[in-house]
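# Overview (structure and organization)
Below are the chains, spelled out letter by letter.
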Amino acid sequence: MIGFAFAGVVLDQVQHFAVFKQVTELFILVPVILNLKSSLELNLASRLSEAANSDTLSFRLVMGNIALVQLQALLAAFASGLWVYILGGIINGGHFESEKGTSLVVSVSLITASLASLASSILMSIIVAVCKQIGIDPDNIATPLAASTGDLFTLVIMSAASVILGQFLSTNLPLIAGIIFLMPIPICWWLVSNNEFARPHIEKGWGAIFLGMAIATGAGIALERAIKRFPGLALVTPVLTGLAGCVGAIHASRWATRLLILAKEALQATATTLFAISIPVHWIFLLIIAFLNMAKTVKDPAEYALIFFVMYTLVAAFATACVLWLAGVLTRYCFRKGWSASSALPVIAALADLLGTGLLIGGFFMVRPAS
């Protein structure tokens, strides 16, 4: 929860940066790159947890999977940067920035995905290895940590890259930066191709990754349109969508592990527990906002504090319940089709973003008219 809360604080601040006002496509990129990054790391956490629980975890397996995540991150980030820029121009009535704007969006996407994925991949690998050594189920630690810290790392790196490259928007520096971060792709491809643990996944999961990105685009468009109209929306959105996606990922990861080892477990009880735990966590977040007076980003918070609390709780409860149900359905569907059950994670994360963002914007509309 702390990671999601800080992610909300970061997003609430960066919306006022000049580069985000000048190149508004960066707002659409936020949920897309968060979904991409979270999906890759959740997949990694799930694969490593499966390996740990089946006693097949090894250094070579870990290194192969880290290279695989880098390869997927760079290729998907390049595609997502172009997609977001083109879509943003279409939404803005066919108005596109210069080719410098294209270079900026694509380069920010590449830099963010690469650096954040590398940092989180190393962290996840260490955590899973430690959990295995001390006898703790990695599903309970690696997946939620990947979901929470991933958003914070990603937003910080994205903000820094946007601000730095934005100062050189009229130069070729964004283009050069993008080219530099594309260069490791052949190396990563070679490493993955020569690793027996990662090689089977090199052609798998792309459909789910790009489907998740497409779904997350809807959340990005909604956020880009509403973030200026509702002060405070940027602060609470990462927490609501992040926690919903986190519990969905935990549930999906448990399904993937249990299906892999053919264990019989009452996972309905797990879903109920995750739901019951998540709601008080949301309340704690709201109390932190009130205690730190962060709610000043919402005009006249005392005027409708109770109704906002009720609205937020209802939205969080409904979104969490839907994501938990979808996590079980999609994971079992992937397993029946012979796909890796972790392939459902990108779609689960994207649906959490879209559903949570949409419901939250609707709640803001009901609680208070747009500013």
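Residues numbered from 1 in each chain as written. Predicted model: local features only at pLDDT ≥ 70, side-chain atom pairs only at ≥ 80, totals over all residues. Heavy atoms only, no water.

## A short note on the overall build of the protein chain
Counting its secondary structure elements, the protein chain contains 13 helices and 0 strands. Helices and strands in the protein chain line up, N terminus first, as α-α-α-α-α-α-α-α-α-α-α-α-α. In the protein chain, the share of contacts with a sequence separation of at least 24, taken over all contacts with a separation of at least 6, comes to 85%. Counting every atom, the protein chain has about 15400 Å² of accessible surface; 72% of that belongs to carbon and sulfur. (Helix = DSSP H or I, 4+ residues; strand = E, 2+ residues; numbered from the N terminus. Contact = heavy atoms within 4.5 Å. Areas by Shrake-Rupley, 256 points an atom, 1.4 Å probe, with all protein chains shown as cover.)

## As for helix 7 (residues 173-182)
For the α-helix, the turn length of 3.6 residues means that residues three or four positions removed from each other point alike. Listed in full, the buried residues belonging to helix 7 are P174, A177 and G178. In an axial view of helix 7, the angular spread of the buried residues amounts to 100°, which keeps them on one side of the axis. (Buried < 20%, exposed > 50% of the residue type's maximum accessible area, 1.4 Å probe, protein only. Arc of directions from axis to C-beta.)

## Some details on the packing of aromatic side chains
Following the criterion strictly, the structure yields 7 aromatic pairs and no others. Through successive ring pairs, a cluster of aromatic residues spans F230, F308, Y312, F364 and F365. (Phe/Tyr/Trp six-rings, centres within 6.5 Å; stacked < 30°, edge-to-face > 60°.)

## Thoughts on empty space enclosed by the protein
A full pass over the atoms with the stated rule returns 2 cavities of 30 Å³ or more. Together, 22 residues line the largest cavity, and L34, D151, T241, G242 and D353 are the ones closest to its centre. If you list the elements that add at least two residues to the lining of the largest cavity, you get helix 1 (2-14), helix 3 (25-53), helix 6 (142-166), helix 9 (206-226), helix 10 (233-260) and helix 13 (345-367). By residue class, the composition of the lining of the largest cavity is 13 nonpolar, 7 polar and 2 charged. (1 Å grid on protein atoms, 1.4 Å probe; cavity = no way out; pocket = protein on both sides within 12 Å on 5 of 7 lines; lining within 4 Å. Points joined across faces, edges and corners; volume = space filled by probe spheres on them. Nonpolar A, V, L, I, M, F, W, Y, C, P; charged D, E, K, R; others polar.)

## Brief notes about the side chain of T217
Assignment of secondary structure puts T217 in helix 9. You can call T217 buried: its relative accessible area is 2%. Among the polar contacts made by the side chain of T217, one reaches the side chain of W83 at a distance of 3.0 Å. The residues touching T217, leaving out its near neighbours within four places in the chain, are I28, V32, W83 and L87. (Polar contact = N/O pair within 3.5 Å; in protein donor to acceptor, adjacent residues only side chain to side chain.)

## Observations concerning the nonpolar core
The biggest cluster of nonpolar side chains holds 84 residues, and the ones touching the most others in it are L26, L36 and Y312. Examining the composition of this core, we find that 14 residues originate from one element, helix 3, more than from any other. When sequence neighbours within four positions are dropped, the list of residues in contact with Y312 reads V236, V239, L240, H282, F285, L286 and L360. Of all hydrophobic cores here, the second largest spans 11 residues; its members include A249, A327, A344 and I348. (Core = buried A, V, L, I, M, F, W, Y, C linked by side-chain atoms within 4.5 Å.)

## Here we look at a nonpolar patch on the surface
Taken together, I164, F168, L173, L175, I176, I179, I180 and M183 make up a surface patch of nonpolar side chains, about 730 Å² in accessible area. For the nonpolar patch, the element with the highest residue contribution is helix 7, accounting for 5 residues. Locating L175 in the fold gives a position in helix 7. (Patch = residues over 30% accessible without salt bridge, like charges linked within 9 Å, V, L, I, M, F, W, Y side chains within 5 Å. Salt bridge = Lys/Arg side-chain N within 4 Å of Asp/Glu carboxyl O.)

## Comments concerning the confidence of the model for the protein chain
Residues of the protein chain with pLDDT of at least 70 account for 85%, and the chain-wide mean is 82. At the low end of the mean pLDDT range in the protein chain sits helix 1, at 74; at the high end sits helix 8 (residues 184-193), at 95. (pLDDT = per-residue confidence, 0-100.)

## Structural notes on the environment of L42
With respect to the helices and strands, the residue L42 is situated in helix 3. Spatially, the C-alpha atom of L42 lies 9.3 Å from that of M124, the residues being 82 residues apart in sequence.

## Considerations on unusual backbone geometry
Positive phi, close to 60°, is recorded for D55, a residue that is not glycine. With a relative accessible area of 61%, D55 lands in the exposed category.

## Concerning the environment of A7
Looking at where A7 falls in the secondary structure, it is placed in helix 1. Taking the C-alpha atoms as reference, A7 lies 4.6 Å from L152; in sequence the two are 145 residues apart.

## A closer look at the pattern of salt bridges
Scanning all chains against the criterion turns up 2 salt bridges. In this structure, D55 and K132 form a salt bridge, with 2.9 Å as the shortest nitrogen-oxygen distance. One end of the pair, D55, is in the loop between helix 3 and helix 4 (59-91); the other, K132, is in helix 5 (residues 99-134), and 77 residues separate them in sequence. The class for K132 is partly exposed, based on a relative accessible area of 31%. Here E196 and R60 are joined by a salt bridge, their closest N and O atoms 2.9 Å apart. Of this pair, E196 sits in the loop between helix 8 and helix 9 while R60 sits in helix 4; the two residues are 136 residues apart in sequence, bridging distant segments of the chain. Of the residues examined, R60 reaches a relative accessible area of 40% and is grouped as partly exposed.

## What about helix 12 (residues 305-336)?
With 32 residues, helix 12 should cover 46 Å at 1.5 Å per step; its first-to-last C-alpha distance of 46 Å lies within 8% of that length. Of the residues flanking the end of helix 12, it is G338, one or two places downstream, whose phi is positive at about 85°. (Expected span 1.5 Å × (residues − 1).)

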